[in-house]
Structure formats: structure tokens, C-alpha cells
Amino acid sequence: AAAPAAAVSPTPGHRRHHRRRTSWRGRLVASSSAPASTSGRDGPSSSRETTATARSVKLVEFYAGMGTMRWSLERALESDVGASVTALASIDNSEVANAVYLANYPDENASGVLMRRNIEHLSSVETLDARFGGADVWTLSPPCQPYTRKGKHLHGEDPRAGSFARILEALPKLREPPDRILVENVVGFELSETRRALVAALDEAGYVWREYHASPFDIGVPCTRTRYYALAKRKPLSFVDCAEDARFKAIERFTLIGWSNEFCPAQRCVRHNLATTDTISRPRPRRIAEYLEGPVDDASLAVEAGTVERYWRWLDVVSPSCVRCSTFTSGYGKTVYGGSVLASDAFIAEHCDVDVGTGRARLAGPFKGEWAGEMRYFSPREVANLHGLDSGWRLPSRELTRRQLWFTVGNSISVDVVAALMRQLMRD
């Protein structure tokens, strides 16, 4: 079936050169020769509200990973002509993630933008103001382990939550807070004490905010990866809740789960899919075949015979004609719970039981030795495709092993989803 217009996943028509610069025209503009504008405690400075010639949108990525928040912002702004994205800082302590970041933004090592640091060492009020003050956008993807379903549910008591908690404590005290903030985490974060601290800090610091559950499956990508997102804008900036422009339609398919006090869905022109309703239909998802780079029978990616024999009951098997696959995680290739494996349509028809409601296929036992060699993993490039990273996104396969690439790509975000959220965040 033809792909719906709303789906923005990688296809040959969407692929671009990795160094292509993107831009955006709107409120965040000023003279290109003017110094970078800043904002005080009373609100954004006048230079951020005046339409003139373009300037850079200044970005700080906390918990930057391999740089996909930056890539998503560039994707969100690429259809407009105006301001370019300039990273003030991209902070992550993962050597593997930093290697992928530098493969795509090679100038940022010498520039000092890429910082391999523990964020807790950078989260004091003085440091945040001195090093990151005046940024237009902050993105934060704090560690998800404190909030996962399979974790210990320690939430804010988990030491890994400490750095984000310190940033939240500092936010209302900053002289130059960012105008816009995007936070990403796992589903379940919204039930935590940390989330309550987040919205309390946003309220105290003078932000309006929205919270969403969003998955690439909502916008036609055949991959389930539901995540929690919070968008915040510093007053007097506000959200535009009606979108006639097709570029902003995707936001309507995400589930709105929370909002600041100034917003009342019952009294506003709102087309969001509220958590208590199911009024917004999803587009038909694309087939997995559109995201594959190699043949189904690629022996170099075959699932090990011992893994099949031991864990066949739990393998999530998909084929090129399927329109769904399960969430890929940083454990892909290491644990059978890290994502789907690929087989031919004929193999699934002969050897799997398929749930009619969900489309999920499981091997029909008992175990058969002939299954070995019939299933393979998705390559790191194919996982990246499903995460919205087009062919312009470089995966340094010479510097990193396949397992390392699976780890960092599986631990990443859906660029298709975050780009749609970024469009909403940047629209006034």
C-alpha cells in the first residue's frame, strides 16, 4: 500500500546529505551581525521577538547521546528558510555515543561543543548560567532506568536521577533560562516524583507546558516505541493548538496526557488525541520492507542457533510485509527482549502463530532444528532507518562494533516523533 502523507520516515525521497544545514524562520530571528541575544527573568528579550534577518537557534543537549535531538531539530526546521541550528553544548558521558556524534558533527570535538562529562558536575546555578545561559532550546533525555517497568522503581531515589533533579532545582533560579525545553523519557516517568518536580519547576520558572505519549507507530512508522515527552515554552511564548498547516498535523496523533493551568482542552480549539479518548485515527503504517537494506536471508545477521533453541518462545518475529515491529533497545542482539527479528513471509506463514489483533507473531512449538538460520537480526542501519535516521546519518562501523552500534542506536529516540514535537515547540 502507498505510504500516507503524514508518515515522514526514511524513504529514498527523504534522504539527504549528512552536512546539509537546516533552518527556521519565525520569532527566533535577529540580525546575523548582532550578538547572541539573552533573556532576563522578566521574559525573552526583544531581539527574540523581532522578525529581522535570520540568526542561529542556540541548542544545548543534556544527555545528548549520539546527537539525535540536534538532528531532529534540524529536521523540524528544514522546510523553512531562516535561522540555522547552532549547538552550544552536547553533553554525554558515553564514549560510544560520542563516537557516533562526531561521525555526524566532526567539527564539534575541536570546538568544545561535545563534552564528555557527568552532568551532575555541570548542574549548579552558576555553571548553568555561565555556560548555557541564553540558549533558545534545551533538550534533556535523563537516564530512564529509575522509571522502567522492569527496574526497581526507585524514581528520584535512584542515584542516576540525581543530575536531572539538580537541573530542575536550578531552573527557577537561572538569570538566563532557555526559551524552550523538550524532555524525553520512558512511559511511567509521568507517574514519578521526578515528573512532579519537573512540572513544579516549570511552573515556578514561568513556563507553559504540554505532556505527551508518542510513538512512531502513531505517524505511520512500523515500529512501536512509545515514550513520554514534555514540551515547555517560557512566557510570554505560548502554544498554537490548531494546525491547518500539514507540517503540524502529526502532533494531533500523539496522546496529550498533561498540560499547564492556562490550557483547557474543553474550551480551546484542540485536535489532540486526549488520553481519555480515541478520536484521532492513525495513518496506515508502512511495511518493514521499506526500511531494509539487505536480504532477509543475510547469514551475517543470523540469530544464533543456541539463542533460537533456548529462547524461541519469546522471539518476536516479523517479515518484510509486516506493518509493526517491537521496540528496539540498547540490548538488541544481546537479549531476545531487545527488539524483533526478521524472517521471510513464507517462514512466518509456516512456523508462527499470529495474533490477529496485534499482528504479533510467535514461533509455534515445539522447537524445530530447521528454524536455525531462518531468522536474522535487523542491521544497525536498518534500526536507524526505523528510528527516522535517514541515509545521511553516519554509523561509524569501522570504529565501532556491531554490538556497540546496536547499543547506541537502540538507546536513541525516534527522529520522526521528536521532529514533529519540535515543530510544535518552535511554532508560536
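Here is a short report on the structure shown in this document.

**Let's talk about the packing of aromatic side chains**
Point 1. For the coordinates displayed, the defined rule picks out 16 aromatic pairs.
Point 2. Ring geometry for Trp259 and Phe263: centres 5.7 Å apart, planes at 80°, overall edge-to-face.
Point 3. Relative accessible area serves as the criterion here: at 30%, Trp259 is assigned to the partly exposed category.
Point 4. Classification of Phe263 by relative accessible area gives buried; the value is 3%.
Point 5. Between Tyr332 and Tyr377 the ring centres are 5.5 Å apart and the planes differ by 85°, which places this aromatic pair in the edge-to-face class. With a gap of 45 residues between them, Tyr332 in the loop between strand 11 (317–318) and strand 12 (341–342) and Tyr377 in the loop between strand 14 (361–363) and helix 9 (380–386) connect regions that are remote in the sequence.

**A word on helix 10 (residues 402–410)**
Point 1. Within helix 10, the full set of buried residues consists of Leu405, Trp406, Thr408, Val409 and Gly410.
Point 2. On its buried side, helix 10 packs onto helix 2 (95–104) and helix 9.

**Some remarks on the packing of helix 2 against helix 10**
Point 1. Contact geometry of helix 2 with helix 10 gives a least axis separation of 10 Å together with a crossing angle of 85°. Judged by the angle between their axes, helix 2 and helix 10 are roughly perpendicular. Touching Val96, Ala97 and Val100 of helix 2 are Gln404, Leu405 and Thr408, all from helix 10.
Point 2. Class assignment of the residues belonging to the contact of helix 2 with helix 10 gives a composition of four nonpolar, two polar and no charged.

**Focus on the nonpolar core**
Generally speaking, soluble globular proteins have nonpolar side chains that are buried together.
Point 1. Core analysis: the largest hydrophobic core is formed by 79 residues, its most contacted members being Leu182, Phe254, Val317, Leu363, Met375, Phe378 and Leu421.
Point 2. Broken down by element, the residue count for this core peaks at nine residues, all from helix 11 (residues 415–426).
Point 3. Those residues in contact with Leu182, other than ones at most four positions away along the chain, are Met69, Trp138, Thr139, Leu140, Tyr229, Ala230, Leu231, Val418, Leu421, Met422 and Leu425.
Point 4. Counting 33 residues, the second largest nonpolar core, distinct from the first, contains Trp138, Leu168, Leu171 and Leu198.

**Observations regarding the pairing of strand 7 (residues 207–214)**
Point 1. Counting buried residues along strand 7, eight of its eight residues qualify, which places the element largely inside the surrounding structure.
Point 2. Two elements, strand 7 and strand 8 (residues 227–234), share eight bridges in a ladder whose sense is antiparallel. Along strand 8, the bridge assignment pairs Tyr212 with Tyr229.
Point 3. Relative to strand 9 (residues 255–259), strand 7 runs antiparallel, the two sharing four bridges.

**Points about a negative patch on the surface**
Point 1. Residues Asp297, Glu350, Glu370 and Glu374 make up a contiguous surface patch of negative charge.
Point 2. Of note, Asp297 is situated in the loop between strand 10 (273–274) and helix 7 (305–311).

**What to know about the pattern of salt bridges**
Point 1. In total, this model carries 17 salt bridges according to the counting rule given.
Point 2. Residue Asp390 is joined to Arg75 by a salt bridge in which the shortest nitrogen-to-oxygen separation is 3.6 Å. Here Asp390, found in the loop between helix 9 and helix 10, pairs with Arg75, found in helix 1 (residues 68–77); they are 315 residues apart in sequence, far enough to count as distant. Per residue, the accessibility class of Asp390 equals that of Arg75, and both read buried.
Point 3. Note that Glu382 is salt-bridged to Arg376, the shortest N-O span being 3.0 Å. Both residues of the pair, Glu382 and Arg376, count as buried.

**Considerations on unusual backbone geometry**
Point 1. Residue Lys235 is joined to Pro236 through a cis peptide bond whose omega torsion reads 15°.
Point 2. Looking at the element boundaries, Pro236 is found in the loop between strand 8 and strand 9.
Point 3. At Tyr63, a position not held by glycine, the phi torsion is positive, near 50°.
Point 4. Looking at the element boundaries, Tyr63 is found in the loop between strand 2 (57–62) and helix 1.
Point 5. Residue Tyr63 is classed as buried on the basis of its relative accessible area of 13%.

**Examining helix 11**
Point 1. End to end, helix 11 covers 16 Å across 12 residues, agreeing with the expected 16 Å (1.5 Å per residue, within 8%).
Point 2. Counting buried positions along helix 11 gives 12 out of 12 residues, so the element sits mostly inside the fold.
Point 3. Regarding helix 11, the residues found buried are Val415, Asp416, Val417, Val418, Ala419, Ala420, Leu421, Met422, Arg423, Gln424, Leu425 and Met426.

The rules behind the values
Residues numbered from 1 in each chain as written. Predicted model: local features only at pLDDT ≥ 70, side-chain atom pairs only at ≥ 80, totals over all residues. Heavy atoms only, no water. Phe/Tyr/Trp six-rings, centres within 6.5 Å; stacked < 30°, edge-to-face > 60°. Buried < 20%, exposed > 50% of the residue type's maximum accessible area, 1.4 Å probe, protein only. Helix = DSSP H or I, 4+ residues; strand = E, 2+ residues; numbered from the N terminus. Contact = heavy atoms within 4.5 Å. Axes fitted to C-alpha atoms, helices over the stretch in contact; angles between N-to-C directions. Parallel < 35°, antiparallel > 145°, perpendicular 65-115°, else oblique. Nonpolar A, V, L, I, M, F, W, Y, C, P; charged D, E, K, R; others polar. Core = buried A, V, L, I, M, F, W, Y, C linked by side-chain atoms within 4.5 Å. Pairing = 2+ DSSP bridges. Patch = residues over 30% accessible without salt bridge, like charges linked within 9 Å, V, L, I, M, F, W, Y side chains within 5 Å. Areas by Shrake-Rupley, 256 points an atom, 1.4 Å probe, with all protein chains shown as cover. Salt bridge = Lys/Arg side-chain N within 4 Å of Asp/Glu carboxyl O. Lys, Arg positive; Asp, Glu negative; His and termini not counted. Charge placed at Lys NZ, Arg CZ, Asp CG, Glu CD. Expected span 1.5 Å × (residues − 1).

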